[in-house]
Amino acid sequence: MTDAAAVTYNPFEPGFAEDPYPQYAAMRGHDPVHENPLGIWVLFRYDDVLRFLRDPSLSVEDANAAPTMLDQFVDEVLGEDRDREMGTRAMLNRDPPDHTRLRKLVSKAFTPRRIEGLRPRVQQLVDEALDRAAGGGRMDLIGDYAFPLPFAVISEMMGMPPTDSDKLRDWSGTLVRTLEPVVDPDVLRAIAEAGEHMRALVLDVITWKRANPADDLLSALLAAEEHGDVLSDEELLEQVMLLYIAGHETTVNLIGNGTLALLHHRDQLARLRDDPSLDASAVEELLRYDAPVQMTRRVTLTDVEVGAKTIPKGVFVVCGLASSNRDETHFGPTADQVDIGRPNAKEHLSFGGGAHYCLGAALARLEAQVAIGSLVRRFRTIEPVSGPTWNGRINLRGLDEFELVVAP
Ligand code: HEM
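Residues numbered from 1 in each chain as written. Predicted model: local features only at pLDDT ≥ 70, side-chain atom pairs only at ≥ 80, totals over all residues. Heavy atoms only, no water.

A. Spatial organisation of the pairing of strand β4 (residues 295–299). When you tally the buried positions in β4, you get 5 out of 5 residues, the bulk of the element. Every second residue of β4 is oriented toward a common face, with Met 295, Arg 297 and Val 299 on one face and Thr 296 and Arg 298 on the other, all of them buried. Bridge analysis of β4 against strand β7 (residues 316–320) gives 5 bridges, and the strand direction is antiparallel. The residue bridging Arg 298 from the neighbouring strand is Val 317, located in β7. (Buried < 20%, exposed > 50% of the residue type's maximum accessible area, 1.4 Å probe, protein only. Helix = DSSP H or I, 4+ residues; strand = E, 2+ residues; numbered from the N terminus. Pairing = 2+ DSSP bridges.)

Here it is as structure tokens:
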């Protein structure tokens, strides 16, 4: 496509959720600092996105942005008296000093040493799932493997009591759609309802944990909450929801999309199978090639110049992580190919950057290295029964189902 006027960013275009990369490439070429008709700006190039992620003068608080047409639509559907505070206390949505205080409280549980200590348990969960798949000769990559692993790991880290995981999966899958542009009133209502259910469940869990404290993350947060100056009740609730959801709704896409990429690039799959020392670098390349979280956002507090354009004060700026990861000016002419030994794969922006850089990055890396490396070494035959079913999401873009036949 060469005509600039013909290039447009439309995530609602049919096929976008399956493959957004041609649109990203066109936007990087023709309109890399894009003002969307909804009043939102979108950055597509690596250098611009990296600059925004790291810029401490930008905000992540919605209240600092003027309402967009999407906000007006939400008001119309849910009513003006809807709970506008919901979710705003999670660290992902706070600026300093609140962000600094909240992140410090939680980060102790995510030090590289603590995470590395989880390796034997992650391997055990992976081996159990692979044993079951070997027994049946088949697996649904998502439902039997990529989803249950991070779900079990974050539940155990937090010290959650056994819960109805099907219901929870449903609710959290609906709730994460707040990270997507939603234009369907039914979906908006479903999100609000799922939020209420999740809140009620997490409140029950907190009550249970107060009576059953142990050596886990939730007990540590409760101890902090008891010194009310450190963490309020509402803040506690929202950090727990954030960790719980971020802990599995993202990593499932890394394992799912990453395995799919290897199945589409069999030479790279064979290379990984033969050389376990490539596990870590392969996961970086898979994070780069198909970002599990396609975008994050910042809010401008002043006018900001980007190239020849000026992004005004008080607007949402979507930072295109997945688009940046395919930017040829940074990753070179092979940016659209999978190379599990790519020397600079780790420069991908899939975990965001700056003060909000993903707190769970080390955990996600560990889970994916063990899950993907073990899968390709356990089975010589890994064959799709039919094409994957995509989840239809624009941001937390991944698979819903992917039936595979497997054999040693
Ligand atoms: C492949 C898996 C994952 C991906 C791709 C991912 C991606 C991201 C991204 C893009 C951000 C926003 C960064 C920014 O705006 O600069 C983020 C923040 C965050 N992630 Fe992850 N994440 C993953 C796994 C996890 C896991 C396993 C956990 C925790 C158990 C987690 C917890 C968090 C938290 C708490 C934040 C907020 C950090 C802050 O605001 O300071 N993530 N993640």
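B. How the structure looks around the environment of Ile 245. Mapped onto the elements, Ile 245 comes out in helix α12 (residues 233–249). For the pair formed by Ile 245 and Met 91, sequence separation is 154 residues and the distance between their alpha carbons is 13 Å.

C. Representation of the nonpolar core in the model. Counting 94 residues, the largest nonpolar core has Phe 110, Tyr 145 and Leu 221 as the members making the most contacts within it. Per-element accounting of this core gives the leading share, 10 residues, to helix α18 (residues 361–378). Leaving out residues up to four positions away in the same chain, Tyr 145 has contacts with Val 126, Ala 129, Leu 130, Met 139, Asp 140, Ile 255, Ala 371, Ser 374 and Leu 375. Ranked by size, the runner-up nonpolar core spans 19 residues in total, among them Val 33, Val 304, Leu 321 and Leu 349. (Core = buried A, V, L, I, M, F, W, Y, C linked by side-chain atoms within 4.5 Å. Contact = heavy atoms within 4.5 Å.)

D. Broad picture of the coordination of the iron atom of the ligand. Only one protein atom coordinates the iron atom of the ligand: Cys 358 (SG), located 2.3 Å from the metal. Inspection of the secondary structure puts Cys 358 in the loop between α17 (328–331) and α18. (Donors = N, O, S within 2.8 Å, 3.2 Å for Na, K, Ca; no water.)

E. View of the pattern of salt bridges. Under the criterion given, the structure shown has 26 salt bridges. Linking Asp 279 and Arg 377 is a salt bridge whose minimum nitrogen-to-oxygen distance equals 2.6 Å. Taken together, the residues Asp 279 in helix α15 (residues 279–289) and Arg 377 in helix α18 connect sequence positions 98 residues apart. Residue classification places Asp 279 among the buried residues on the basis of a relative accessible area of 16%. The exposure class assigned to Arg 377 is partly exposed, which follows from its relative accessible area of 30%. Between Arg 288 and Glu 285 there is a salt bridge; the shortest N-O distance is 2.8 Å. Taken as a pair, Arg 288 and Glu 285 lie in helix α15 at a separation of 3 residues, close to a single helical turn. By relative accessible area, which is 0% here, Arg 288 ends up buried. (Salt bridge = Lys/Arg side-chain N within 4 Å of Asp/Glu carboxyl O.)

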